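# Descriptive analysis of the structure
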Amino acid sequence: MRRAFNDNFGDIMKTRRSHYSIIGGRLFTLALVSLFAYGCTDLDESPTSSITPDNFNQTEAEVLGSIAAVYSVLRNTTWSYHNLSQVTSDEMIVPTRGSDWFDNGRWLEIHRHTWTANSPSGLDDINGMWVDGFTGVTRANVLLAALENLTVANQAAVEAELRTLRAFYYYMLLDMFGNVPLVTTTEVEPREQASRQALFDFITSELEAARGALPASWPAGDHGRMTQGAADAILANTYLNAGVFTTATPNATGYNSCADVSGACAAAIAAADRVMNSGAYSLASNWRSNFTASNNTSPENILVVKFVNQSNLGLNLVMRALHYNQFNPSPWNGFAALAETYRAFDADDQRREIFLEGPQVNVETGQPVNDRQGNRLVFTVDIADETQATEGEGTRILKVPPDPDHVAQDNGNDFTYFRLAEMYLIKAEALNE
């Protein structure tokens, strides 16, 4: 990916240099003429039209467009929030492979938890999640403020949808950062940090208040919008993690659970039960169908980020893990599973089938593939040295398979944040606690 980008960038600059060398003299002459001809002219402009908070969101169509802008930020979270959540865990690593994936050390910083405010991962990945989260919050606030002076169809549901989206962005911000500013208005001014407890209370109260006005489902064309089930799924997960979300100090055992917060386990169970008893969801007959390119029809998925197989609108998870020669266009050969993760699954466990290990093939054609040195590509379980890994070290996770109708790197698989199976697990864990 990086070589291709650099090569293309070099070609563009060569083209521009050639272009300017031909017409550079004329540009210089025109610049002089423009300088003398217009140097004293009034440059104030009178735009024929403009979009401002005062003149937009006046119609239902404009409101729907603004709602789409609030949702669009969720796409960004499948990079920033997802990567930070996964690479910091004991599941995944992005080893340095020769000159690939060093990126000033940011990926190993994330995995080793050695970031700082001014380190590569702090300036890029962590800052990116902060910007994504508050972009979503800000867009929701702007539209909620506009709706105070406007009447549109299904207004109560629209407002509940925006409050749920805003609460979900705050859920991510609380999960990533702990104390962050709590902003519900549109004034541009300094904001003090809110405590974890205040953020937790805001998220849960907003979701509890909004869920009743949300629909149980949307028409197929609105797939991916917030529903009662989505609000309850976020609630169940928030209550389950109440012990972490409401305190920055681990308890004596170093583990915080919902049992550390009065009523939190019961609230998690109640929210999970509402989803399971709603009749809106059922377990898929084949669990793999929850992640395929047609997973928009899965009966199990509760809260997804909508993607389509169109340029710049598709999911690129397959690109992050697959080897350069396993897909077209060439993937990035980065993310790998830790050996401990792979070995945690028994050999006869179906879930181990999502890992790519051993001799490899092109995932589209099924034909054997080689590495870039011409040797048969083999993915090993162990990574001997994460600072100088080979092309084939580390098994790859392919839970989300490529879209047969992908457009370049853009796949039409929806990204799933919550599905019914997780509600069973949340209830079981809360009961155990």
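See the structure printed just above.
Source: prediction; values computed, not measured. (Residues numbered from 1 in each chain as written. Predicted model: local features only at pLDDT ≥ 70, side-chain atom pairs only at ≥ 80, totals over all residues. Heavy atoms only, no water.)

### As for the overall build of the protein chain
Within the protein chain one finds 13 helices and 10 strands. For the protein chain, with 433 residues in total, the buried portion stands at 44%. Residue pairs at least 24 apart in sequence account for 67% of intrachain contacts in the protein chain once pairs closer than 6 positions are excluded. Summing over all exposed atoms, the protein chain offers an accessible surface of approximately 22,100 Å²; the carbon and sulfur share of this is 53%. (Helix = DSSP H or I, 4+ residues; strand = E, 2+ residues; numbered from the N terminus. Buried < 20%, exposed > 50% of the residue type's maximum accessible area, 1.4 Å probe, protein only. Contact = heavy atoms within 4.5 Å. Areas by Shrake-Rupley, 256 points an atom, 1.4 Å probe, with all protein chains shown as cover.)

### Focus: the environment of Asn296
Tracing the chain through its elements places Asn296 in the loop between α10 (264-276) and β4 (301-305). When the C-alpha positions of Asn296 and Phe307 are compared, they lie 9.5 Å apart, and in sequence the two are 11 residues distant.

### Looking at the pattern of salt bridges
Tallied over the entire structure, the rule returns 20 salt bridges. A salt bridge links Asp100 to Arg372; its shortest N-O distance comes to 3.3 Å. A residue pair is termed long-range when its members are at least 10 positions apart, and Asp100 in the loop between β1 (92-93) and α4 (106-112) and Arg372 in the loop between β7 (358-359) and β8 (378-379) qualify at 272 residues. Residue Asp100 is classed as buried on the basis of its relative accessible area of 7%. Across the pair Asp414 and Lys306 runs a salt bridge whose closest N-O atoms are separated by 3.6 Å. In this pair, Asp414 sits in the loop between β9 (396-397) and β10 (415-419) while Lys306 sits in the loop between β4 and α11 (317-321), placing the two residues 108 residues apart along the sequence. On the basis of relative accessible area, Asp414 is assigned to the buried category, the value being 2%. Judged by its relative accessible area of 30%, Lys306 falls in the partly exposed class. Connected via shared salt-bridge partners are Glu208, Arg211, Asp232 and Arg274. (Salt bridge = Lys/Arg side-chain N within 4 Å of Asp/Glu carboxyl O.)

### Here's the deal with the environment of Arg112
Mapped onto the secondary structure, Arg112 falls in helix α4. Counting along the chain gives 23 residues from Arg112 to Ser89, while the straight-line C-alpha distance between them is 9.3 Å. Beyond its immediate sequence surroundings of up to four residues, Arg112 is in contact with Glu386 and Thr387. Of the polar contacts made by the side chain of Arg112, one reaches the side chain of Glu386; its length is 2.9 Å. (Polar contact = N/O pair within 3.5 Å; in protein donor to acceptor, adjacent residues only side chain to side chain.)

### What about the packing of helix α3 (residues 80-87) against helix α5 (residues 120-147)?
Axis separation between α3 and α5 bottoms out at 8 Å; the angle between their running directions is 135°. Regarding the angle of α3 to α5, the classification is oblique. The chirality of how α3 crosses α5 is left-handed. Every residue of α5 that contacts α3 at Ser80, Tyr81 and Leu84 is listed here: Asp125, Ile126, Gly128, Met129 and Asp132. For the contact of α3 with α5, the per-class residue count stands at four nonpolar, two polar and two charged. (Axes fitted to C-alpha atoms, helices over the stretch in contact; angles between N-to-C directions. Parallel < 35°, antiparallel > 145°, perpendicular 65-115°, else oblique. Left-handed = near helix turned anticlockwise from the far one by under 90°. Nonpolar A, V, L, I, M, F, W, Y, C, P; charged D, E, K, R; others polar.)

### A look at the packing of aromatic side chains
Counted according to the given criterion, the structure contains 17 aromatic pairs. Ring centres of Phe345 and Phe355 lie 5.5 Å apart, and the angle between their planes is 50°; on these two criteria the pair is classed as tilted. One end of the pair, Phe345, is in the loop between α12 (339-343) and β6 (355-356); the other, Phe355, is in strand β6, and 10 residues separate them in sequence. When its relative accessible area of 19% is taken as the criterion, Phe345 is described as buried. A connected cluster of aromatic rings, assembled from ring pairs, spans Tyr81, Phe168, Tyr171, Phe245, Phe415, Tyr417 and Phe418. For the cation-ring pair, Arg352 lies above Tyr342, with the distance from its terminal atom to the ring centre recorded as 4.2 Å. Across the ring face of Phe379, the terminal group of Arg396 is positioned such that the distance to the ring centre comes to 4.1 Å. (Phe/Tyr/Trp six-rings, centres within 6.5 Å; stacked < 30°, edge-to-face > 60°. Lys NZ or Arg CZ within 6 Å of the ring centre and 35° of its normal.)

### As for the packing of α3 against helix α6 (residues 155-177)
Direction vectors running N to C along α3 and α6 enclose 35°, while the axes themselves pass 12 Å from each other. Viewed along their axes, α3 and α6 form a crossing whose handedness is left-handed. Taken together, the residues of α6 that come into contact with α3 (itself represented by Tyr81, Leu84 and Ser85) are Tyr171, Met172, Asp175 and Met176. Class assignment of the residues belonging to the contact of α3 with α6 gives a composition of five nonpolar, one polar and one charged.

### A word on the environment of Phe307
Position of Phe307 relative to the elements: it lies in the loop between β4 and α11. If we ignore the near neighbours within four places in the chain, the residues touching Phe307 are Arg75, Thr78, Leu313, Gly314, Leu315, Asn411, Gly412, Asn413, Asp414 and Phe415.

### Remarks on the pairing of β10
Of all five residues making up β10, four are buried, and the element is well covered by its neighbours. Pairing analysis gives four bridges linking β4 to β10, with the strands arranged antiparallel. By the bridge assignment, Leu303 is partnered in β10 with Phe418. (Pairing = 2+ DSSP bridges.)

### So, the state of the cysteines
Per the stated rule, a full pass over the model turns up one disulfide. A disulfide bridge connects Cys258 with Cys265, and the sulfur atoms are separated by 2.0 Å. Around the S-S axis, the bridge from Cys258 to Cys265 shows a dihedral of about 95° and counts as right-handed. This pair shows no difference in class: Cys258 is buried, exactly as Cys265 is. (Disulfide = S-S within 2.5 Å.)

### Structural notes on unusual backbone geometry
Here the bond from Asn328 into Pro329 is cis, since omega is 10°, no more than 30 degrees from zero. Mapped onto the elements, Pro329 comes out in the loop between α11 and β5 (336-337). Phi at Asp103 takes a positive value of approximately 45°, unusual for a residue other than glycine. Residue position: Asp103 is located in the loop between β1 and α4.

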